[in-house]
Amino acid sequence: MFEIMKNQLGKFIRETRGIAAIEIAFILPFMLLIYFGLFDITALVSVNRKVTYSASIVADLVAQNKTSVLKSKLQDYYNAASLVMAPIPASAVRVEVFGYRITGSTVSQVWKTNNGLSSSCGADPSMAAMAPLMVAGNDLVVARVCTTYEIYAANFIGHSIVNGSSFDIGESITQRPRSTLKLTCYNTVVGGAVCS
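All of these numbers come straight from a predicted model, not from anything done at the bench.

Definitions and limits used
- Note that residues are indexed from 1 along each chain, following the sequence as it is written.
- With the structure being a predicted model, the display of local features is reserved for residues of pLDDT at least 70 and the display and counting of side-chain atom pairs for 80 or more, all residues being used for whole-chain, interface and lining totals.
- Note that water and hydrogens are dropped before the side-chain values are worked out from all heavy atoms of the structure.
- Paired strands, as defined in this entry, are two strands with at least two bridges between them according to DSSP.
- Put simply, DSSP marks the helices as runs of H or I at least four residues long and the strands as runs of E at least two long, and each gets a number from the N terminus on.
- For helices, the fitted line uses only the C-alpha atoms of the stretch in contact; every axis is such a line through C-alpha atoms, and the angle between N-to-C directions lies from 0 to 180 degrees.
- It only takes one pair of heavy atoms within 4.5 Å for two residues to be counted as in contact.
- Space inside and on the surface of the protein is sampled on a 1 Å grid over the protein atoms alone, with a cavity defined as a set of points where a 1.4 Å probe fits but cannot get out and a pocket as an open set with protein on both sides within 12 Å along at least 5 of 7 lines; lining residues have an atom within 4 Å of a point.
- Grid points are joined across faces, edges and corners, and a volume is the space filled by probe spheres set on the points.
- Each Phe, Tyr or Trp ring (for Trp, its six-membered ring) is paired with any other whose centre lies within 6.5 Å, and the angle between the two planes then decides the class: stacked below 30 degrees, edge-to-face above 60, tilted in between.
- Here the expected span of a helix is defined as 1.5 Å times the quantity of residues minus one.
- Each residue is assigned to one of three classes by its accessible area relative to the maximum for its type, calculated with a 1.4 Å probe on protein chains only: buried under 20%, partly exposed between the two thresholds, exposed over 50%.
- Directions from the helix axis toward the C-beta atoms define the arc.
- Residues belong to one nonpolar core when they are buried, are Ala, Val, Leu, Ile, Met, Phe, Trp, Tyr or Cys, and are joined through side-chain atoms within 4.5 Å.

Peer 1: Could you give an account of the sheet that holds strand β3 (residues 106-114), naming the residues involved and the relevant values?
Peer 2: With antiparallel pairing, four strands are arranged side by side in an open sheet as β3-β2-β4-β5. In this open sheet, the two strands that pair with only one neighbour each are β3 and β5 (166-175). The average undirected angle you get between the axes of adjacent strands in this sheet is 20°. In this structure, strand β2 (residues 94-103) lies alongside β3, joined through eight bridges in antiparallel fashion. Bridge assignment links I102 to a residue of β3, and that residue is V107. With respect to the sheet, helix α2 (residues 19-63) is in contact with β2, β3, β4 (140-150) and β5, its orientation differing from that of β5 by roughly 30°. Its contacts with the sheet put helix α3 (residues 71-85) on β2, β3 and β4, and the angle it makes with β3 is roughly 70°.

Peer 1: How would you explain unusual backbone geometry if you had to name every residue and give the values?
Peer 2: Here A86 and P87 are connected by a cis peptide whose omega angle stands at 15°. Tracing the backbone shows P87 in the loop between α3 and β2. You will see that T67, though not glycine, has its phi angle at about 60°, which is positive. By secondary structure assignment, the location of T67 is in the loop between α2 and β1 (68-70).

Peer 1: Pulling in residues and values, what's your account of the layout of surface pockets?
Peer 2: A probe as big as a water molecule, rolled over the atoms, marks out the empty space that is left. Estimates place the volume of the largest pocket at around 180 Å³. Together, A43, S46, V47, K50, P87, I88, P89, A92, T147, T148, Y149 and E150 line the largest pocket. Breaking the lining of the largest pocket down by element, the ones donating at least two residues are α2 and β4.

Peer 1: So what's going on with the packing of aromatic side chains? Which residues, and what values?
Peer 2: Under the criterion given, the structure shown has one aromatic pair. With centroids separated by 6.5 Å and ring planes inclined at 35°, the aromatic side chains of F98 and Y100 adopt a geometry described as tilted.

Peer 1: If you had to explain α3 to someone new, which residues and values would you point to?
Peer 2: Between the first and last C-alpha of α3 there are 21 Å, a value that for 15 residues agrees with the 21 Å anticipated at 1.5 Å per step. Within α3, the full set of buried residues consists of L74, Y77, Y78, A81, S82, V84 and M85. Projected down its long axis, α3 carries its buried residues within an arc of 155°, all on one side. Elements that come into contact with the buried residues of α3 comprise α2, β1, β2, β3, β4 and β6 (184-186).

Peer 1: Before we move on, can you summarise the nonpolar core with the specific residues and values?
Peer 2: Ranked by internal contacts, the top residues of the largest apolar core, which has 27 residues, are V58, V62, L74, V95 and V97. Going through the elements one at a time, α2, α3, β2, β4 and β5 are the ones with two or more residues in this core. Sorting elements by how many residues they give to this core places α2 first, with seven residues. If near-sequence neighbours (up to four positions away) are discounted, V58 is found in contact with Y77, A81, V95, V97 and A143. Core analysis: the second largest hydrophobic core is formed by eight residues, Y100, V107, M130 and L140 among them.

Next up, the structure:
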């Protein structure tokens, strides 16, 4: 009996069929994790670049206006940001624009507006942070774009396994108006109600 068990054990140890299946069973989950992880990392970097570029475009377009900009014109700038952010739906991208002015040593937010989509990108930019960037009589325009990136791998692995299944991505770009010292946003007509 012992001799039969010894022969069977020896035969089992020398057997090579099925090794590949066992190796794949151990390796495949790690390979899939690496694949989806790399996919998410590259997609996250891509979205981050799009957010930065969108904020830069909006800030640059607003800064090119002379003395004033209408809210309807800002909608065109928001549409430009939506085109850059594609294929992310426009409804998931928030664009905010702020105007700051310094009088003496006091910085104040003169106007602000947004595209009305998604939730707020957070608290308004700090006026204390604007002070070192400003010189007397020169306004600053701050454009901020934010969105949420959903982790693709969480759909396969499970949202409970991937601790956070989304990342908030945002960027603020600050520029001085190019053609004027002061730039004001108006709701409908120049000299009317200021954007708020």
